[in-house]
Amino acid sequence: MEIKRLYHRLRGTPYYKKGKKALVIEGGGMRGIFLTGVLQSFTDRGYFPWKLIIGSSAGALTGTAYAARQIHLARDAFFTELLSGKFINLSNILRPERHILNLDWMVDTIIHGDEPLSSRALSRACPVLITATDCRPDNPPQTLYFSTRRDDMSSVLKATAAIPVLYRGFVEYAKHHLLDGGLLDPIPYAKALEMGYDEDEILVVVTRRHGYRKKEESFWIRSLYESYYKDHRYRFLVEAISNRYLLYNKTLDELEQRHRGIDVIYPPDDFRVDRLSRDGKKILEGFAQGAVAGRDYLRRLRG
């Protein structure tokens, strides 16, 4: 152990006594600033032991940027583009033909902007699996896992963030009708277990404090979903949206009670960013909280 520490000290690189192989990242819209802070800390300290990254929604975007060694793309987006009125437009809530979340603009600005997401770097990095929910008419929704190794990033990163109703219609890709990857698999650690990773090889980063549980949607919100997807062909989608709080809570219950060998990084109790936050001070605070959480996790690894 001490020889390894001395070797890394002489090379000027940090030594971590325990590594992980699979990184699982929750989504959460603007709450993703916490994820960005965590991954910024990892980047600053040269920590990248991953053989696989799995992300949903904002977790997919930050995880992909991190894998490409471009976490600054996600970081800078939260402080500039994503705070602008061009991305979140709540006035469109009663305009069914207009997006409330302008994901097309987000993709053009962030992924294909002045510094595009590097496809070359992604091809050399570990694969990133990106969740999305396939919502074919007259069929129960199902989670699909797209990959940076084979799929179009513009399409799947837009699809994984396409929150029902806030994004109008569906993202169509490879004959699929896609929406938010967090709808059925909000924290996709089960996928890592299914792929053969042991619990002690997995790190999960979430965007809700420890002990949080989702409440059932209000009558008004349920009515909004039911009105927008009133076509009988989408009855299974409406059912899935109505029950997602149960699925989310079950996912957390199993993570905290059944799979205790999985490491989890949580935001602190005073984390104040919500899904649609546009308060720059809260965003900056959330980023700093993520950076501290990432740093503290690595300090524990170094023992």
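The structure presented is a predicted model; accordingly, all values stated were derived computationally and were not measured.

Undergrad: Before we go on, may I ask you to explain empty space enclosed by the protein in this structure?
TA: It is the rolling of a water-molecule-sized probe over the atoms that shows where space remains empty. Overall, the coordinates contain 2 cavities of 30 Å³ or more when judged by the stated rule. Estimates place the volume of the second largest cavity at around 40 Å³. Along its surface, the second largest cavity is lined by Leu61, Ala65, Leu73, Ala74, Ile110, Ile111, Leu117 and Leu157. For the lining of the second largest cavity, the secondary structure elements donating two or more residues are helix 3 (58-67), helix 4 (71-79) and helix 5 (103-111).

Undergrad: What is the right way to read helix 7 (residues 153-160) from this model?
TA: Because the α-helix completes a turn every 3.6 residues, residues three or four places apart line up on one side. Counted residue by residue, helix 7 has 8 buried out of 8 residues, so it is predominantly covered. Every buried residue of helix 7 is listed here: Met153, Ser154, Ser155, Val156, Leu157, Lys158, Ala159 and Thr160.

Undergrad: Looking at this structure, I do not really get the packing of helix 2 (residues 32-44) against helix 4. What am I missing?
TA: Each pair of packed helices can be summarised by the angle the axes make with each other and by the distance between the axes. Contact geometry of helix 2 with helix 4 gives a least axis separation of 10 Å together with a crossing angle of 145°. When you trace helix 2 past helix 4, the crossing you get is left-handed. Between helix 2 and helix 4, the residues in contact are Gly32, Ile33, Thr36, Leu39, Gln40 and Thr43 and Ile71, Ala74, Arg75, Phe78 and Phe79, respectively. Looking at side-chain class alone, the contact of helix 2 with helix 4 contains 6 nonpolar, 4 polar and 1 charged residues.

Undergrad: Would you explain the layout of surface pockets in this entry?
TA: Within this model, the largest pocket holds a volume of roughly 610 Å³. What lines the largest pocket is a set of 31 residues, and nearest its centre among them are Ile163, Glu217, Tyr225, Arg244 and Arg275. Mapped by element, the contributors of at least two residues to the lining of the largest pocket are helix 9 (219-228) and helix 11 (244-258). Take the lining of the largest pocket: its biggest share by element is 4 residues, from helix 9. For the lining of the largest pocket, the per-class residue count stands at 17 nonpolar, 5 polar and 9 charged. Of the voids in this model, the second largest pocket is the one considered here, and its volume is about 240 Å³. Lining the second largest pocket are 13 residues, with Asp185, Ala190, Leu247, Thr251 and Glu254 positioned closest to its centre.

Undergrad: Quick question: what am I supposed to make of the packing of aromatic side chains here?
TA: For any pair of aromatic rings, the description consists of the separation of the ring centres together with the inter-plane angle of the planes. Counted by the stated rule, this structure contains 13 aromatic pairs. Both rings, one in phenylalanine 42 and one in tryptophan 50, keep their centres 6.5 Å apart while their planes meet at 35°; by these two values the pair is tilted. Note on accessibility: phenylalanine 42 and tryptophan 50 belong to one class, buried. Seen from their ring centres, tyrosine 47 and tryptophan 50 are 5.7 Å apart, and the 85° between their planes marks the pair as edge-to-face. Tryptophan 50 gets classed as buried once you look at its relative accessible area, which sits at 4%. A network of ring pairs unites the aromatic residues Phe42, Tyr47, Phe48, Trp50, Tyr66 and Tyr297 as a single cluster. The ring of tyrosine 248 is capped by lysine 214, whose NZ or CZ atom sits 5.0 Å from the centre of that ring.

Undergrad: I tried to follow the pairing of strand 1 (residues 22-25) on my own but got confused; where do I start?
TA: Look at any regular strand and the pattern is simple: side chains alternate between the two faces of the sheet. Of the two faces of strand 1, the one carrying Ala22 and Val24 and the one carrying Leu23 and Ile25 are both buried. Across 4 bridges, strand 1 lies against strand 2 (residues 52-55) in parallel orientation. Bridge pairing links leucine 23 to isoleucine 53 in strand 2. Read as a crossover between parallel neighbours, the route from strand 1 over helix 2 to strand 2 is right-handed. Inspection of the sheet shows strand 1 paired to strand 7 (residues 202-205) by 4 bridges, in the parallel sense. Directly across from valine 24, in strand 7, lies its bridge partner valine 204.

Undergrad: In this structure, what is going on with the packing of helix 2 against helix 12 (residues 280-302)? I would like to understand it.
TA: Look at helix 2 against helix 12: their axes get within 6 Å of each other, and the N-to-C directions meet at 40°. Comparing their axes, helix 12 and helix 2 come out oblique. For the pair helix 2 and helix 12, the crossing hand works out as right-handed. For the pair helix 2 and helix 12, contact is made by Ile33, Phe34, Thr36, Gly37, Val38, Gln40, Ser41 and Phe42 and by Ile283, Gly286, Phe287, Gln289, Gly290, Ala291, Ala293, Gly294, Arg295, Tyr297 and Leu298, respectively. Of the residues that constitute the contact of helix 2 with helix 12, the class distribution is 10 nonpolar, 8 polar and 1 charged.

Undergrad: Hey, could you run me through the nonpolar core in this one?
TA: Most often, soluble globular proteins keep nonpolar side chains buried together rather than apart. Judged by nonpolar contacts, the single largest core of 74 residues is most densely connected at Leu23, Phe42, Trp50, Ile53, Tyr229, Leu237 and Ile265. When residues no more than four places from it in sequence are discounted, the contact partners of tyrosine 229 are Pro164, Val165, Phe170, Leu179, Tyr234, Leu237, Val238 and Ile241. In terms of nonpolar packing, the next biggest core, distinct from the first, is built from 18 residues, Val206, Leu255, Ile262 and Val264 among them.

Reading the values: the criteria
Residues numbered from 1 in each chain as written. Predicted model: local features only at pLDDT ≥ 70, side-chain atom pairs only at ≥ 80, totals over all residues. Heavy atoms only, no water. 1 Å grid on protein atoms, 1.4 Å probe; cavity = no way out; pocket = protein on both sides within 12 Å on 5 of 7 lines; lining within 4 Å. Points joined across faces, edges and corners; volume = space filled by probe spheres on them. Helix = DSSP H or I, 4+ residues; strand = E, 2+ residues; numbered from the N terminus. Buried < 20%, exposed > 50% of the residue type's maximum accessible area, 1.4 Å probe, protein only. Axes fitted to C-alpha atoms, helices over the stretch in contact; angles between N-to-C directions. Left-handed = near helix turned anticlockwise from the far one by under 90°. Contact = heavy atoms within 4.5 Å. Nonpolar A, V, L, I, M, F, W, Y, C, P; charged D, E, K, R; others polar. Phe/Tyr/Trp six-rings, centres within 6.5 Å; stacked < 30°, edge-to-face > 60°. Lys NZ or Arg CZ within 6 Å of the ring centre and 35° of its normal. Pairing = 2+ DSSP bridges. Right-handed = clockwise from strand over helix to strand, strands pointing away. Parallel < 35°, antiparallel > 145°, perpendicular 65-115°, else oblique. Core = buried A, V, L, I, M, F, W, Y, C linked by side-chain atoms within 4.5 Å.

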